[in-house]
Amino acid sequence: MAIDIEDARKAAHLARIRVREDELQAITRELSSILVFMEKLGEVDVAGVEAMTSVSPMQLERRDDQVKPGVGRDGILENAPQVRAGFFVVPKVVE
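Heads up: these notes are all about the structure in this document. Computed from a prediction, not measured in an experiment: that's the story for all the values here.

Calculation criteria
- Residues numbered from 1 in each chain as written.
- Predicted model: local features only at pLDDT ≥ 70, side-chain atom pairs only at ≥ 80, totals over all residues.
- Heavy atoms only, no water.
- Helix = DSSP H or I, 4+ residues; strand = E, 2+ residues; numbered from the N terminus.
- Rg over C-alpha atoms; globule rule 2.2 N^0.38 Å.
- Buried < 20%, exposed > 50% of the residue type's maximum accessible area, 1.4 Å probe, protein only.
- Contact = heavy atoms within 4.5 Å.
- Areas by Shrake-Rupley, 256 points an atom, 1.4 Å probe, with all protein chains shown as cover.
- Lys, Arg positive; Asp, Glu negative; His and termini not counted.
- Charge placed at Lys NZ, Arg CZ, Asp CG, Glu CD.

**Comments concerning the overall build of the protein chain**
For the protein chain, the count of helices and strands is 3 helices and 2 strands. In the protein chain, the order of α-helices and β-strands from amino to carboxyl end is α-α-α-β-β. In terms of overall dimensions, the protein chain is more spread out than a globule: its C-alpha atoms have a radius of gyration of 25 Å, far above the 12 Å expected for 95 residues. Expressed along its principal axes, the backbone C-alpha trace of the protein chain runs to roughly 55 × 50 × 20 Å. Relative to its 95 residues, the protein chain shows a buried fraction of 9%. Excluding contacts between residues fewer than 6 apart, the proportion of contacts in the protein chain whose partners are at least 24 apart in sequence is 30%. Carbon together with sulfur atoms contributes 56% to the accessible area of the protein chain, which is approximately 9,500 Å² in total. Within the protein chain, one finds 13 positive and 17 negative side-chain charges whose respective centroids are separated by 8 Å.

In structure tokens, the structure reads:
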């Protein structure tokens, strides 16, 4: 699958990345090579290959779930830079 300059421009826009026009050709080549590599990975026969979480076999340590007392609202709010009426004060991000 090939990526053209318009696809690269759109991907940069969606990712909120500012890309100069003179960089678009290089980015287009890089994205195309990534997609070619992904297509090659799709051709690999993985039938019968068991999923793994590590390259060396290991067993995760298990422990019982235990309820422990929390810090509480006042303890958490002690770390806040600003508090008003028992809540965090944060900048408005939605108009």
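**Quick notes on the environment of aspartate 64**
The residue aspartate 64 is located in the loop between helix H2 (24–42) and helix H3 (73–77) in this model. On the accessibility criterion, aspartate 64 (63% relative accessible area) is exposed. Taking the C-alpha atoms as reference, aspartate 64 lies 49 Å from arginine 18; in sequence the two are 46 residues apart.

**Things to note about unusual backbone geometry**
Of note, the phi angle at arginine 16 is positive, near 60 degrees, even though the residue is not glycine. Here arginine 16 lies in the loop between helix H1 (5–14) and H2. Positive phi, close to 55 degrees, is recorded for alanine 85, a residue that is not glycine. Residue position: alanine 85 is located in the loop between strand E1 (83–84) and strand E2 (87–88).

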